[in-house]
Amino acid sequence: MLTAAAVVPFGAEATARARRAGGRIGFVDDNLDNYHANVYLKALTGTLQGRGFTLAGCTGLQEQPGRAWAAKNDIPYFPDVAALNAAVDFFMLLAPSTPETHLELCRRVLPLKKPTFVDKTFAPDFATARDIVALADRSGTSMQTSSALRYTNVQEEAKKLGADAVEHMITWGNGGSFGEYAIHPVELLISVMGPDAQRLMRRGTGDRSQLLIDFSGGRTGVVNVYTGSATPFAASLSSRKGTRYLPVDQARMFEASLSSTLDFFETGRPNVDRRETMAVMGILEASRLPEATERFVPIPR
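Just so we're clear, the structure is a prediction, and the values are computed from it rather than from any experiment.

Draft legend 1. Focus on the sheet that holds strand E12 (residues 297–298). Strand order in the open sheet formed by 7 strands is E11-E10-E6-E9-E8-E7-E12, with mixed pairing between adjacent strands. What marks the edges here is a single partner per strand, and that holds for strand E11 (242–247) and E12. Across 2 bridges, the pairing between strand E7 (residues 197–203) and E12 is antiparallel. Within E12, the residue paired with Leu-200 across the bridge is Val-297. Seen against the sheet, helix H7 (residues 153–161) touches strand E6 (168–173), strand E10 (234–239) and E11 and runs at an angle of roughly 5° to E10.

Next comes the structure, spelled out in structure tokens:
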């Protein structure tokens, strides 16, 4: 059974290392030649350079494109995680388009007991997500995961309304497929509404999908996933005072996401509630059930 705690102790030596300013990061990936690896490297060497973190090395399951990416970016490439471990203080496990590789990569990384960020989508299904969390707990390794859509102007506006003020929320998102991109509008929803999602129903399984979600306390949410379209990421927040529509400002969300990860590395304490991570995974799991298109189904927790 999952614990509600979002913080996992991971040893005095690792704690001391994590609490210093800056440090050496290692990228662990499937195919390193991807958008997330590029945008995070750009931020580390650009706008976030003053944080004192460096990309000290990388490794990938697909060796040939990994070595090519490393050579192009002048980053040391290591043949495997064990070799990379000696050169880094923290791990960023990416593979954003192939979450089915995350469990195997976590099996190699988490026993090394260094603070680890796992990129979206955390796992291909809810059971695998539980396995990864259990592995982190057994290893005593501090770990967090999130989509970049957790760090936007929408969350800032929700905070101004006050805790629990949002009674209904709608999110919109796009992307190449529901399987890869539904994580974004779902994370946007949960980061505001919290982890107490109870049941959902899905309307549409093609390019236009809509998730109707009931939360505790009579609160509700709707997630629209419009793949293959020009639909911008956006949200509406409804409170007793009224409703506000907010296009997502995407210009700095990856930088903000990475900055939060660096905060985690500095303190060694995750700043993403594990219950919210599992609520996101539970919603994605329930949305794939065939019966969810016919009636409300419970969201696994």
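Draft legend 2. Structural view of the environment of Leu-105. Relative to the helices and strands, Leu-105 is located in helix H5 (residues 102–109). Residues Leu-105 and Gly-60 lie 45 residues apart in sequence; the distance between their C-alpha atoms is 9.5 Å. Aside from chain neighbours lying at most four places away, what touches Leu-105 is Val-28, Asp-29, Asp-30, Leu-61, Leu-93 and Ala-95.

Draft legend 3. Region of the structure containing the sheet that holds strand E2 (residues 53–60). Here 5 strands make up an open sheet; going across it, the order is E2-E1-E3-E4-E5 and the pairing parallel. The open sheet is flanked by E2 and strand E5 (143–145), the only strands paired with a single partner. Averaged over all adjacent pairs, the angle separating strand axes in this sheet is 20°, with direction ignored. With 3 bridges connecting them, strand E3 (residues 90–93) and strand E4 (residues 116–118) associate as parallel partners. Within E4, the position partnered with Phe-91 by the bridge is Thr-116.

Draft legend 4. A look at the packing of aromatic side chains. Per the stated rule, a full pass over the model turns up 8 aromatic pairs. Plain terms: the ring middles of Tyr-40 and Phe-254 are 6.1 Å apart, the flat faces sit at 70° to each other, and that makes the pair edge-to-face. Linking Tyr-40 in helix H2 (residues 35–45) with Phe-254 in helix H10 (residues 253–267), this pair joins segments that are 214 residues apart in sequence. By relative accessible area, which is 2% here, Tyr-40 ends up buried.

The rules we used
Residues numbered from 1 in each chain as written. Predicted model: local features only at pLDDT ≥ 70, side-chain atom pairs only at ≥ 80, totals over all residues. Heavy atoms only, no water. Pairing = 2+ DSSP bridges. Helix = DSSP H or I, 4+ residues; strand = E, 2+ residues; numbered from the N terminus. Contact = heavy atoms within 4.5 Å. Axes fitted to C-alpha atoms, helices over the stretch in contact; angles between N-to-C directions. Phe/Tyr/Trp six-rings, centres within 6.5 Å; stacked < 30°, edge-to-face > 60°. Buried < 20%, exposed > 50% of the residue type's maximum accessible area, 1.4 Å probe, protein only.

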